[in-house]
Amino acid sequence: MDSLPKKWVCRPGFFKASPHSPSCSKCPPHSYTLDEASTSCLCEEHYFRKESDPPTMACTRPPSAPRSAISNVNETSVFLEWIPPADTGGRKDVSYYIACKKCNSHSGLCEACGGHVRYLPQQTGLKNTSVMMVDLLAHTNYTFEIEAVNGVSDQNPGARQFVSVNVTTNQAAPSPVSSVKKGKITKNSISLSWQEPDRPNGIILEYEIKYFEKDQEMSYTIIKSKETTITADSLKPGSAYVFQIRARTAAGYGGFSRRFEFETSPVSVAASSDQSQIPIIVVSVTVGVILLAVVIGFLLSGSCCDGGCGWASSLRAVAYPSLTWRCGYSKAKQDPEEEKMHFHNGHIKLPGVRTYIDPHTYEDPNQAVHEFAKEIEVSCITIERVIGAGEFGEVCSGRLKLQGKHELPVAIKTLKVGYTEKQRRDFLGEASIMGQFDHPNIIHLEGVVTKNKSVMIVTEYMENGSLDTFLKKNDGQFTVIQLVGMLRGIASGMKYLSDMGYVHRDLAARNILINSNLVCKVSDFGLSRVLEDDPEAAYTTRGGKIPIRWTAPEAIAFRKFTSASDVWSYGIVMWEVMSYGERPYWEMTNQDVIKAVEEGYRLPSPMDCPAALYQLMLDCWQKDRNSRPKFDEIVSMLDKLIRNPSSLKTLVNASSRVSNLLVEHSPVGSSTYRSVGEWLEAIKMGRYTEIFMENGYSSMDAVAQVTIEDLRRLGVTLVGHQKKIMNSLQEVKVQLVNGMVPL
Ligand code: ACK
């Protein structure tokens, strides 16, 4: 190099990769040379060059994190979708990597998911912006980290750039029964017992046992049993039979177990079939009595957490008769209801869509509770503190430790002492309803305590409490996408309820609970008391008690409560969420609300509300209930908005929002507030009085013209204060003119 004449040497900032190149090249972007005669350029800090990158190529850096990731949970599968990173780092070879962590909802500690999770199409090197994870565990919290990587990511010593998504998986069918043991075998019968599946994923409602003579698969018999033992009788002596068992929970049937083959005794073992029946009955009755004695022993010993809690449901199972059905015809033993449900045109029809069963249809409400809720021994529960008051007694937080399960944080609703039988029935009615639901956006029932004097309903714990209080406390703190995420969750829970045929009747932000992951869950399910315990509920002229502000006109007028009236209430919840827990219709009286809504007026858009969301609210508030969207349409629409966040950028025009209120009404001059100062003081914003006056907003008339931009100009920069002032202004106007947005 020293021998080259000075004029052939590249200056700093230039390089010549080969001595044969005719000229020097300028260093490509994000690279430099400080020396003369460089043959390559160095990358700037945080920029890198992949080995295979030509020296003429710019230095590049790892991409930023992917954006706007959304998740869709379907039982134990999770679908993730995201938007590419804003900065690809200057490279075209961006791909994505998914890290999966399983998290303990109580401790918050996470561990890698392990090998059982399958990724479709794959976990690493994803070119598309979506992936599906299957075979996750049911009812488990997962965190997925989506990382964008490119050709230089592995050279980056800095922190990984990822977007993370927290999800809770849903119900799943039980895993297959894996171990089946033969019991008593005679020439005509085979008794079997088996263990609950490793992953029941819920309360096992029953087992289905399919069996047939070996090599005669076309003619099989199905027995249903709530126990983990059965006896197949009327079999041929000395013949081999194949058995398969599957379990059913609220989520449906799990897969059949592998085939188990057992043989009946040859004829010579017992003289006649009639005689052989006697020992079987004796044996099974004896086994039953012993089993019952063992179970009762366990329960009475009080050692619940060492076995009692787990046994409680088995005790119930003992009480149920098993049901037998033979392929193609029914036996006298069969319950005709079962026949209708499962067999159709001679074919087995698996129970498909589940519907809600009104506990009122049970003659004995206690039976309903125990059909749908697990009995918990009180010694498994530790009450920690009182968190609120419910209609029937205190609501506490605490922990639940069931045998073989991790300790869980729970909420415990208690029934106050001295309750009447009706109060006990109504109180537990909520559990009979809640226990039928299994959805990530519906509050999950852990079980009930009914065997003691202290009656309790134990549910999952929701760290952030009721949504309305939570939003008020965190005014202005969330992004629009986060708020829409909350609304999406509520809509998804309501879709599930409406699919089940359950009408909530009291959907309101106060009846939604929110956890630490900001997952919203619908709660407050009741029977006759549905609306009795809601402080918002008011008596109507027809005698019922109704939360007027949240209720559709047809439900107020003639008690037509349907999923469509729940959709109206959902629209009000949308409004509550987007206005951070503002009271719908502010301080208007119930009568004025009924009148205004009847006359076609609707709530105005909350401040800074995306136009698409306000339009959806207005759709939910269509007078004709058939014109309102269905919950599945609402979920799809919100999903679309989340997937395309730019669609949320168009806000309801601030000036139209305000002027809408004034349509055809008198000016604000006749305000109940005599001065601007008095008004600002009343809303605890007195500190701005001087600034308002100095800037010409000295009368309520002038104040009526204030826009959010004006507030910013006046130095009201805190979003919370801006909202308070704008919302109060609306309230003042509404009170004065009793006018909302006419539809
Ligand atoms: O807003 P909060 O803290 O949330 O006050 C009410 C109170 O009990 C009376 O209903 C709280 N609460 C009810 N159920 C739960 C639950 N599952 N997890 C946490 N808090 C709950 C509610």
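In case you missed it, the structure is sitting above this.
Residues numbered from 1 in each chain as written. Predicted model: local features only at pLDDT ≥ 70, side-chain atom pairs only at ≥ 80, totals over all residues. Heavy atoms only, no water.

A. The overall build of the chain, seen in detail. For the chain, the count of helices and strands is 18 helices and 35 strands. The 743 residues of the chain split such that 48% are buried. The long-range fraction of contacts in the chain, counting pairs at least 24 apart against all pairs at least 6 apart in sequence, stands at 63%. Approximately 35,300 Å² of the chain is accessible, and the part contributed by carbon and sulfur atoms is 52%. (Helix = DSSP H or I, 4+ residues; strand = E, 2+ residues; numbered from the N terminus. Buried < 20%, exposed > 50% of the residue type's maximum accessible area, 1.4 Å probe, protein only. Contact = heavy atoms within 4.5 Å. Areas by Shrake-Rupley, 256 points an atom, 1.4 Å probe, with all protein chains shown as cover.)

B. The arrangement of the state of the cysteines in detail. Per the stated rule, a full pass over the model turns up five disulfides. With its sulfur 2.1 Å from that of its partner, Cys27 forms a disulfide with Cys41. Residues Cys27 and Cys41 are joined through a disulfide that is left-handed, its torsion about the S-S bond being -85 degrees. Taken together, the positions of Cys27 in the loop between strand 2 (25–26) and strand 3 (31–32) and Cys41 in the loop between strand 3 and strand 4 (42–43) put the pair 14 residues apart, joining distant regions of the chain. (Disulfide = S-S within 2.5 Å.)

C. Broad picture of a nonpolar patch on the surface. On the surface, Tyr32, Leu34 and Leu42 cluster together to form a nonpolar patch covering roughly 320 Å² of accessible area. Turning to its location among the elements, Leu42 is positioned in strand 4. (Patch = residues over 30% accessible without salt bridge, like charges linked within 9 Å, V, L, I, M, F, W, Y side chains within 5 Å. Salt bridge = Lys/Arg side-chain N within 4 Å of Asp/Glu carboxyl O.)

D. Main features of the sheet that holds strand 13 (residues 180–185). Taken in spatial order, the three strands of this open sheet run 13-14-17, and their pairing is antiparallel. Edge strands, defined here as strands with exactly one partner in the open sheet, are strand 13 and strand 17 (229–232). Within the sheet, the average angular offset between the axes of one strand and its neighbour, ignoring direction, is 25 degrees. Pairing geometry for strand 14 (residues 190–194) and strand 17, over four bridges, is antiparallel. Considered in strand 17, the bridge of Leu192 is made with Ile230. (Pairing = 2+ DSSP bridges. Axes fitted to C-alpha atoms, helices over the stretch in contact; angles between N-to-C directions.)

E. Geometry of the site of the ligand. For the ligand, the set of nearby residues contains 14 residues, the closest of which are Ala411, Thr459, Glu460, Met462 and Ser466. Glu460 places a polar main-chain atom, nitrogen or oxygen, 2.9 Å from a nitrogen atom of the ligand. At the level of elements, strand 25 (381–389) and strand 29 (456–460) are the ones that each hand at least two residues to the shell around the ligand. The element that contributes the greatest number of residues to the shell around the ligand is strand 25, accounting for three residues. Taken together, the residues that form the shell around the ligand break down as eight nonpolar, five polar and one charged. (Near = heavy atom within 4 Å. Polar contact = N/O pair within 3.5 Å; in protein donor to acceptor, adjacent residues only side chain to side chain. Nonpolar A, V, L, I, M, F, W, Y, C, P; charged D, E, K, R; others polar.)

F. The arrangement of the sheet that holds strand 12 (residues 162–168) in detail. Reading across the sheet, the four strands line up as 8-7-11-12 and stay open at both edges, with antiparallel pairing between neighbours. What marks the edges here is a single partner per strand, and that holds for strand 8 (110–112) and strand 12. Between one strand axis and the next, the sheet turns by 30 degrees as a mean value, whatever way the strands run. Examined bridge by bridge, strand 11 (residues 141–149) and strand 12 share seven bridges and lie antiparallel to one another. If you follow Glu147 over to strand 12, its bridge partner there is Phe162.

G. Up close: the packing of helix 4 (residues 365–372) against helix 5 (residues 421–434). Two elements in contact, helix 4 and helix 5, have axes whose closest approach is 9 Å; the angle formed by their N-to-C orientations is 30 degrees. As judged from the angle between their axes, helix 4 and helix 5 are roughly parallel. Seen from above, helix 4 lies across helix 5 with left-handed handedness. Contacts between helix 4 and helix 5 pair Pro365, Asn366, Ala368, Val369 and Phe372 from the former with Arg424, Arg425, Leu428 and Ser432 from the latter. Grouping the amino acids of the contact of helix 4 with helix 5 by side-chain chemistry returns five nonpolar, two polar and two charged. (Parallel < 35°, antiparallel > 145°, perpendicular 65-115°, else oblique. Left-handed = near helix turned anticlockwise from the far one by under 90°.)

H. Structural view of the side chain of Glu147. By secondary structure assignment, the location of Glu147 is in strand 11. When its relative accessible area of 11% is taken as the criterion, Glu147 is described as buried. Within the local environment of Glu147, its side chain forms a polar contact with the side chain of Arg160, the two groups lying 2.8 Å apart. When residues no more than four places from it in sequence are discounted, the contact partners of Glu147 are Pro66, Ser95, Tyr96, Tyr97, Arg160, Gln161 and Phe162.

I. Main features of unusual backbone geometry. Between Leu120 and the following residue, Pro121, the backbone shows a cis peptide bond with an omega angle of 5 degrees. With a phi angle near 55 degrees, Asp608 is a residue other than glycine that sits in the positive phi range. Look at Asp608 and you get partly exposed, because its relative accessible area is 36%.

J. Inspection of the pattern of salt bridges at higher detail. By the definition in use, this model includes 30 salt bridges. Residues Asp87 and Arg61 are paired through a salt bridge, measuring 2.7 Å at the closest nitrogen-oxygen approach. Here the residue Asp87 occupies a position in the loop between strand 6 (77–83) and strand 7 (95–103), and Arg61 occupies one in the loop between strand 4 and strand 5 (67–74), the gap between them amounting to 26 residues. What makes Arg61 partly exposed here is its relative accessible area of 32%. The partner of Glu384 in a salt bridge is Arg399, with the nearest N and O atoms 3.1 Å apart. Within this pair, whereas Glu384 is found in strand 25, its partner Arg399 is found in strand 26 (residues 394–400), the two being separated by 15 residues in sequence. With a relative accessible area of 46%, Glu384 lands in the partly exposed category. A single salt-bridge network, built from bridges that share partners, covers Glu206, Glu208, Lys224, Arg246 and Arg248.

K. Looking closely at the nonpolar core. Ranked by internal contacts, the top residues of the largest apolar core, which has 83 residues, are Phe437, Leu467, Ile490, Phe525, Tyr570, Trp621 and Leu638. Once residues lying within four places of it in the same chain are set aside, the contact partners of Phe437 are Tyr356, Ile442, Tyr496, Leu497, Met500, Tyr502 and Phe525. Residues Leu80, Ile98, Ile146 and Val167 belong to the second largest nonpolar core, which totals 22 residues. (Core = buried A, V, L, I, M, F, W, Y, C linked by side-chain atoms within 4.5 Å.)

L. Summary view of the environment of Gly125. Among the secondary structure elements, Gly125 is positioned in the loop between strand 9 (118–120) and strand 10 (130–134). Setting aside anything within four residues of it in sequence, one finds Gly125 in contact with Ser95 and Tyr96.

M. Summary view of the packing of helix 7 (residues 480–499) against helix 12 (residues 631–643). Two elements in contact, helix 7 and helix 12, have axes whose closest approach is 8 Å; the angle formed by their N-to-C orientations is 155 degrees. Of the possible angle classes, the one that applies to helix 7 and helix 12 is roughly antiparallel. You can see that helix 7 and helix 12 cross each other, and the crossing is left-handed. Along its contact with helix 7, which presents Ile481, Val484, Gly485, Leu487, Arg488, Ala491, Ser492, Met494, Lys495 and Ser498, the element helix 12 presents Phe631, Asp632, Ile634, Val635, Leu638, Asp639 and Ile642. Considered class by class, the residues forming the contact of helix 7 with helix 12 number 10 nonpolar, three polar and four charged.

N. Highlighting helix 12. Here helix 12 is 13 residues long and its end C-alpha atoms lie 18 Å apart, about the 18 Å a rise of 1.5 Å per residue gives. Against strand 5, helix 7, helix 9 (563–578) and helix 11 (611–620) lie the buried residues of helix 12. (Expected span 1.5 Å × (residues − 1).)

In short, shape yes, function no, at least from these values alone.
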